[in-house]
Amino acid sequence: MSSSTGSIAVTRTRPSARQGRDPFLCLAVASSAVIVAFILVPLVEMMTQPTLASLKETLMDRDVIRSIRLSMVTSGAAALIALVFGTPLAYLLARHRFPGKKIVESVIDLPIMIPHPVVGIALLSIAGRNHPIGRLMQAAGIEIMGTVTGLIAVLTFVGLPFYINTVKTGFAEISPRLEHVSRSLGASAGATFFRVTLPLAWRHMVVGGIMCMARAVSEFGAVVIVAYHPMVAPVMIYERFTAYGLKYSQPVAVWLILVCLVLFLLLRVFSLDREAAA
Amino acid sequence: MIRIDQLSVRLSGFSLKSVDLRVEQGEFFCLLGPTGAGKTLILESVAGVVAIADGRIRVAGREVSGLPPERRGVGIVYQDCALFPHLSVAKNINFGIRYHNRSTPAGRAGCRDLIDRLGLASLLDRSVTTLSGGEKQRVALARALATAPAVLLLDEPLSSLDPCFREEIRDLFRSLHRETGLTVLMVTHDFTDAHSLAQRVAILNDGRIEQVGTVTEVFKRPATTVVADFVGMKNVLPVREENNRLAIGGLILPVPRGNGHYRHAAIRPEHIHLAPAVSGALSKLDFQGRISATSNQGFFAEVSVDVSGIILKAVILTSSLLAMDLRQGKAVSLHIDPADIHLF
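### Regarding the overall build of chain B
Tallying secondary structure elements over chain B gives nine helices and 21 strands in all. Considering only C-alpha atoms, chain B reaches an extent of 80 × 45 × 35 Å along its principal axes. A burial count over chain B gives 38% of its 344 residues as buried. For chain B, restricting intrachain contacts to residue pairs at least 6 apart in sequence, the fraction spanning at least 24 positions comes to 66%.

### Digging into the domain arrangement of chain A
Interfaces are often described in size by the accessible area the parts lose on coming together. Residues and elements named next belong to chain A. Once the domains are mapped, chain A shows domain 1 (21-50) and domain 2 (52-277). Between domain 1 and domain 2, the C-alpha centre-to-centre distance is 29 Å. The partner domain 2 presents seven residues to the four residues of domain 1 that form the contact. A class-by-class count of the residues in the side of domain 1 that touches domain 2 yields three nonpolar, one polar and no charged.

### Describing the nonpolar core
One finds Val-46, Leu-153, Leu-185 and Leu-334 of chain B to be the most contacted residues of the largest nonpolar core, which totals 98 residues. Of the residues forming this core, the biggest block, six residues, is contributed by helix H4 (residues 133-145) of chain B. When near neighbours in sequence (up to four residues on either side) are disregarded, Leu-153 of chain B contacts Leu-43, Val-46, Ala-47, Val-74, Gly-75, Ile-76 and Leu-185 of chain B. Core analysis: the second largest hydrophobic core is formed by 46 residues, Ala-79, Ile-164, Ile-237 and Trp-255 of chain A among them.

### Quick word on the packing of helix H8 (residues 148-173) of chain A against helix H10 (residues 189-217) of chain A
All names here are of chain A. Relative to each other, H8 and H10 sit at 150 degrees, their axes nearing to 8 Å. Regarding the angle of H8 to H10, the classification is roughly antiparallel. Like other packed secondary-structure pairs, H8 and H10 cross with a definite hand, here right-handed. Residue-level contacts link Leu-155, Val-158, Gly-159, Leu-160, Phe-162, Tyr-163, Thr-166, Val-167, Thr-169, Gly-170 and Phe-171 of H8 to Thr-197, Ala-201, His-204, Met-205, Val-207, Gly-208, Gly-209, Met-211, Cys-212, Met-213, Arg-215 and Ala-216 of H10. Of the residues assigned to the contact of H8 with H10, the class counts are 14 nonpolar, eight polar and one charged.

### Some details on the interface of chain B and chain A
Contacts between chain B and chain A engage 19 residues on the former and 16 residues on the latter. Sorting the residues of the side of chain B that touches chain A by element identifies helix H1 (39-47) and strand S6 (74-77) of chain B as the ones contributing at least two each. Sorting elements by how many residues they give to the side of chain B that touches chain A places S6 of chain B first, with three residues. Split by residue class, the side of chain B that touches chain A holds eleven nonpolar, five polar and three charged.

### Digging into the environment of Ser-175 of chain B
Within the secondary structure layout, Ser-175 of chain B lies in helix H5 (residues 163-180). For Ser-175 of chain B and Gly-250 of chain B, which are 75 residues apart along the polypeptide, the C-alpha to C-alpha distance reads 51 Å.

### Overview of the domain arrangement of chain B
The domain boundaries assigned to chain B delineate domain 1 (2-224) and domain 2 (267-343). Taking the mean C-alpha position of each, domain 1 of chain B and domain 2 of chain B sit 41 Å from one another.

### Things to note about unusual backbone geometry
Note that the residue after His-229 of chain A, namely Pro-230 of chain A, is joined by a cis bond; omega there is -10 degrees. Mapped onto the secondary structure, Pro-230 of chain A falls in the loop between helix H11 (221-226) and helix H12 (233-244). Positive phi outside glycine occurs at Ala-60 of chain B, with the angle close to 50 degrees. Mapped onto the elements of the fold, Ala-60 of chain B is located in the loop between strand S4 (54-59) and strand S5 (62-63). Take Ala-60 of chain B: there are 16 C-beta atoms within 10 Å of it, and that puts it in the partly exposed class. With a phi close to 55 degrees, Asp-325 of chain B is a non-glycine residue in the positive phi region.

### Structural notes on the pairing of strand S13 (residues 245-248) of chain B
As a general feature of sheets, a regular strand has side chains that alternate between the two faces. Residue and element names in this part refer to chain B. Of the two faces of S13, only the one carrying Leu-246 and Ile-248 is buried; Arg-245 and Ala-247 on the other face are not. Pairing geometry for strand S12 (residues 240-242) and S13, over three bridges, is antiparallel. Across the sheet, residue Glu-241 finds its bridge partner in S13, namely Leu-246.

### Structural notes on H12 of chain A
Residue and element names in this part refer to chain A. Taking 1.5 Å per residue, twelve residues should reach 16 Å; H12 reaches 16 Å between its end C-alpha atoms and fits that length. What H12 keeps buried is the set Ala-233, Pro-234, Val-235, Met-236, Ile-237 and Arg-240. Phi turns positive one or two residues past the end of H12, at Gly-245, with a value near 105 degrees.

### What to know about the sheet that holds strand S11 (residues 235-238) of chain B
Think of a sheet as strands paired side by side through backbone hydrogen bonds, with each pair either parallel or antiparallel. All names here are of chain B. Read from one edge to the other, the open sheet built from three strands follows the order S11-S15-S21, with strand pairing classed as antiparallel. The sheet is open, and its two borders are formed by S11 and strand S21 (342-343), each paired with just one other strand. Taken together, the four bridges between S11 and strand S15 (residues 264-267) define a ladder with antiparallel strand orientation. Each residue of the ladder has a partner; that of Asn-235, found in S15, is Ile-267.

Conventions used here
As a convention, each chain's residues are numbered from 1 in the sequence order in which they are written. Key to labels: chains lettered from A, ligands numbered from 1, both in the order written. Local features in this predicted model are restricted to residues of pLDDT 70 or higher, and side-chain atom pairs are both shown and tallied only at a pLDDT of 80 or more, whereas totals for entire chains, interfaces and linings draw on every residue. For the purposes of this entry, the term helix denotes a DSSP run of H or I that reaches at least four residues, the term strand denotes a run of E that reaches at least two, and both are numbered from the N terminus. Buried residues are those with 20 or more other C-beta atoms within 10 Å of their own C-beta, exposed residues have 12 or fewer, and partly exposed residues lie in between; C-beta atoms are placed from the backbone. Contact criterion: two residues are in contact if their C-beta atoms, reconstructed from the backbone, are within 7 Å. Boundaries of every domain are those given by an automatic assignment or by a domain database. Amino acids are sorted into nonpolar (Ala, Val, Leu, Ile, Met, Phe, Trp, Tyr, Cys and Pro), charged (Asp, Glu, Lys and Arg) and polar (every other residue, Gly among them). Any set of buried Ala, Val, Leu, Ile, Met, Phe, Trp, Tyr and Cys residues joined through C-beta atoms within 7 Å is what this text calls a nonpolar core. To obtain each axis, a line is fitted to C-alpha atoms, and for helices this fit is confined to the stretch in contact; angles are then taken between N-to-C directions over 0 to 180 degrees. Any angle that falls under 35 degrees is termed roughly parallel, while one over 145 is termed roughly antiparallel, one within 65 to 115 roughly perpendicular, and all others oblique. Helix crossings fall into two classes, left-handed where the near helix is turned counterclockwise from the far one by less than a right angle and right-handed where it is turned clockwise. In this scheme, strands are said to pair when DSSP sees at least two bridges between them. Expected span of a helix, by definition, is 1.5 Å for each gap between consecutive residues, and there is one gap fewer than residues.

The structure is reproduced here in structure tokens:
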């Protein structure tokens, strides 16, 4: 399959390379360049503006380190929760037809659509004393407002759709026939999942985790409602910006981006390495 | 032995309707039918991987309808082999052994025999993604047989193979079946497979069994127009009674009406013999016609002849076509042996 699509791609690019002056192609390339530049130019500008000295100084700032670390830990926790609870749901959605499936899928996409502050407000509204869940949580000593727990809850909420949709695609790509054969050979549904499905889908799970974590790290609107303190990196960047201006917020942003880049590159490389080995 | 009673499966847009099927112990049975007829669905119902709406399925004398697939004792080999891509050849073959008490010395020896028998000994450490089509089929077969299933289900195992591999795997199936006496239910849409392997066949169309019988029976005496069409009866024509004789349109057939009530006549294209047109009196068995089209298909050629408004299709050797110089518009005479006219 892949080889045939590959050969199609080759035969397609050859004539277009020869006919490089095709006006339609030129237009497509030009508009693509504009879009890529639109994304890259502000980012590169921001990354290069702060001086090395200011970057170094920021790195010495304990508050900055703490906020970036908190961002990473809470987002990582959100990705982990998504992995544990989202994987079964993604599997169900990829494999089974059931009444109301479309509704469940829409529900999963809701966190993408809802304005971010509304997410925070929604979570707080079930955590208060007026709600039975809130009373239950209080009885158990779980506090949402201004706590790490609250941060993780919010980040999980906004990150879940990215994990579930990615992993669902991964499961859907695995032929159900592999599972059928496994069952016919004597493996139970559970054994089939762990011996066949999971080894074939884990790469999608890693990518889903990365997507979920990336989304969680970048969350701001929902976080400021639930927990301004303890301060995650985006909130700190916002605070520095409003209190001291662009110059002071930039270095923090640069460090946040760098840490994210390194982390995600590592994860990507890790998942690709295993792919090559397999 | 497989016994299917009143099996119904409903999917969105397709359903199996009250299918009855019996595959005897040690039989090689082929399920034939056009694409989309529901053949694979029957296999998957027996394997237990699709939900059935109604009916009972027995495998080796045991009711399995309510059992999960892992407890049915049914091996399945899919057309695309469905090998586990993350496992080596050896691990694919051994996948099910731990569930079947075959970790005993005798079981292991059985597996080794199987691996040797299928010529897989040199491939055991290979990744399954690097195998050829024929090798993949042999691994899939070994994997299914390693658990010593009561019946083996084959889902078009030959159709995705190159012609040379196809012959090899077909021979393998035949000798394996002869040696082991395994009950096999194979799905195919290719009559050649059925001819060379099956003792009996069933023709399935649109979720219904049209006919069950030996290959020869179904091939020579199709019971419905769908089956007639499927087995390559190019001439399936409605018949009517006329003065105690049977007629197709204006053609009186050279066969007695008999006692049956017939609605169709079917004639294989190779049973219509063409000769240059003769003048004068015709024998009772002969018709005169005019060629409406010819189509050269390599060794053979199909000739459509218009006989008083009815188109009959004949197949002759291309060399005969050229020798007789048969062209569109040319008059020919047709000879049909009454024994070759199948009425149903």
